[in-house]
Structure formats: structure tokens, C-alpha cells
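Residue-level structure breakdown
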Amino acid sequence: MSQVTVLDGGFATQLSVHVGKSIDGDPLWSARFNATDPNAVFKTHLDFLEAGAEAIMTNTYQASIEGYTEYLHLTEDTSLNLIKSTVRVAQMARNHFLAKKADVPPTIPLLVASIGPYGAHLHDGSEYTGSYSSDVSEDTIQKWHRPRIDACLEAGVDILGIETIPCKMEAEALLDMMCEEYPTVRFWISFQCKDNLHLANGELFSEAVNSLWAKARSRRNPNLIALGVNCVHPQIVTPLFRSVNEKKPLASRIPLIVYPNSGEVYTVEEGWQGKEDCVPLEHYVPQWIDLGVRFIGGCCRTYARDIKRIKQAVNSHGNTNHHH
């Protein structure tokens, strides 16, 4: 694996190019299109691959059994099959991309299952606060995650991208589960943070990351490939990552992952605002790589064109800084 892997961008954002409307406010976001318009899902994956993404994430963030039974009125079996077919659409996009390339690319793009937080199915915004961490047990969280993880692994993914996790307790529950039940599966854990020091529910980011990394090491689990943040304002990333890696010697730095939002800000009343004030994400790439970032992509409001620019920035940084 090259030093830095470029991820894809905001799935729902790029999907809107193909379905012609904004998906904000739909309780299933882009997950509905797995059932109604898989071709648009396929094209969205392909856009990111063609932009240079070295990993693509399945469109399963919001795809919970509860969500599909409640909003699409599917049975549990049908919901699980829909999750599997969603993974297969991503596989088809990867196969199509590879078949079109006459020369064999040096790396086959990774297929990552998007595993969003427990709070995402509650539709009360608690994925952004982690308020459930005090009243839901580790066991309940694991039970909720298990069917989707199993479905994604059965369908065939390379990595589980555990993402937008708002609280340390859910991350620990998932780490324990990965070590005990899925000891050969590679995964990352990426947090939702509320400011430049704290997880969404107020815990220190550095403390959570250091303790999870130490725990994975003590369990002899080599498959936790990175820890980090996603779905956050890009401005808070550097201080968050400094709090983890700045004082560590290079050899003991924790591999980090980041796929932030564009820098626009979302409110229910106004939608996304502030495009003209955004610093392009590729501007941050050198400082992030210097802090130990190994995976970089985008989340909300990032398009395939943003991934293309991130990839260029990663490549040019790699060519100038061999000492890292």
C-alpha cells in the first residue's frame, strides 16, 4: 500500500449529480436509491474511481434493518439482501473500472463497507451528539451492528469503514466485537467531533484514539488500520490530529484517517451555506500527511472533482517529501 490512500467523496453529494435532486432531509438519505435507482449508485462509485479514488465506500451508512423496514416497509430478510446487493453494485463499479483500464493498475481499489453509528437509525440527530452512550449498553450496540456487518462481509468487502462514531463507548464496543468475532477483518474507526479537541459527546479525541490504539495492540489485533475523523469541518482536523501525534516519535505515531466535509455548514432551515468561503480540501493535505494521515477523502458536499484534486495534492506531496 502506498503511503497515503485516497478515499472517495460524499456519496449523497455526487449521487445528486445523477438523480437530479438534493437528498438532504430524506430519512434514508441516499440509502433509498439502492432500491430505486441502483444504476445511479453504480455511476456514483464510478465517478470516484475515475477521479482517482483508491478506495470506495458502499452506500450503506444509513442502510439499517430498522430504517428499511420502517421507511421502505421491507422485511428483515429483504433488507439484508438489499444491503448485500448494494455491496455488489460497488463491486460491479470496481470491475467495470478495472476492465476499462487496458494496463493493469498498480493497486486494485479497496472496497470499504460504510458502517455508520447506532445513532443514525434514530433520526433524532443523536449520531451528532452521542447522547445514547449513557443509556444504551455495549451489547445493544453490538447487536444492532452485527447483521449489517455480516451482510457486507458475506457480499464481499475488503475493509469495514466504521464511521461518524460520536462516542468512545460505541468505538470500544465495535473494537471488542472486531477482535472477538471478526479477528481477520481489516477496519478503521472514524469519529464525529464537535470541536478541535473533543468527540461529539464531549470526550477528548486524543484520549479515545490513544486508548483504542493501545487496546488493539494489547489484543494483538493488527487489523485496525487507522483511527480518525470524518463528516467534520476541515478546520478542526489539524488540531485534533496534533493532539494525538504531534508529541509522538515518528515510529510510534498512530496511522490517521480523515474525510471531512467541504467546509460548508448545514442547517435545517437554510441547507448548505458558505461554498464561496471554503478553503479547498487539497490545501490541507500536506499538513495532514505530516501528522501521520494515511487515508484522505471527503464527506458531505465533496464531489468527484474534489477527490481528483486531493489525489493530485497527495501525489505531489509524495514526490517532494521522501523523508517522511
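The rules we used
- Residues numbered from 1 in each chain as written.
- Predicted model: local features only at pLDDT ≥ 70, side-chain atom pairs only at ≥ 80, totals over all residues.
- Heavy atoms only, no water.
- Phe/Tyr/Trp six-rings, centres within 6.5 Å; stacked < 30°, edge-to-face > 60°.
- Lys NZ or Arg CZ within 6 Å of the ring centre and 35° of its normal.
- Helix = DSSP H or I, 4+ residues; strand = E, 2+ residues; numbered from the N terminus.
- Buried < 20%, exposed > 50% of the residue type's maximum accessible area, 1.4 Å probe, protein only.
- Contact = heavy atoms within 4.5 Å.

1. Concerning the packing of aromatic side chains
Considering all chains together, one arrives at 7 aromatic pairs under this definition. Above the ring of tryptophan 213, the side-chain terminus of arginine 217 is found at 4.0 Å from the ring centroid. Residue placement shows arginine 305 over the ring face of tyrosine 303; its charged tip is 4.3 Å from the ring centre.

2. Things to note about unusual backbone geometry
One non-glycine residue, arginine 220, lies in positive phi territory at about 55°. Along the chain, the position of arginine 220 falls in the loop between helix H8 (205–218) and strand S6 (224–230). When its relative accessible area of 72% is taken as the criterion, arginine 220 is described as exposed. Phi angles above zero are rare outside glycine, and cysteine 231 is one such case at about 60°. Summarising the element assignment, cysteine 231 is placed in the loop between S6 and helix H9 (237–245).

3. With respect to the environment of serine 206
The topology assignment puts serine 206 in helix H8. Separated by 34 residues in the primary sequence, serine 206 and leucine 240 have C-alpha atoms spaced 7.3 Å apart. The contacts of serine 206, once residues within four sequence positions are left out, are Ser243 and Val244.

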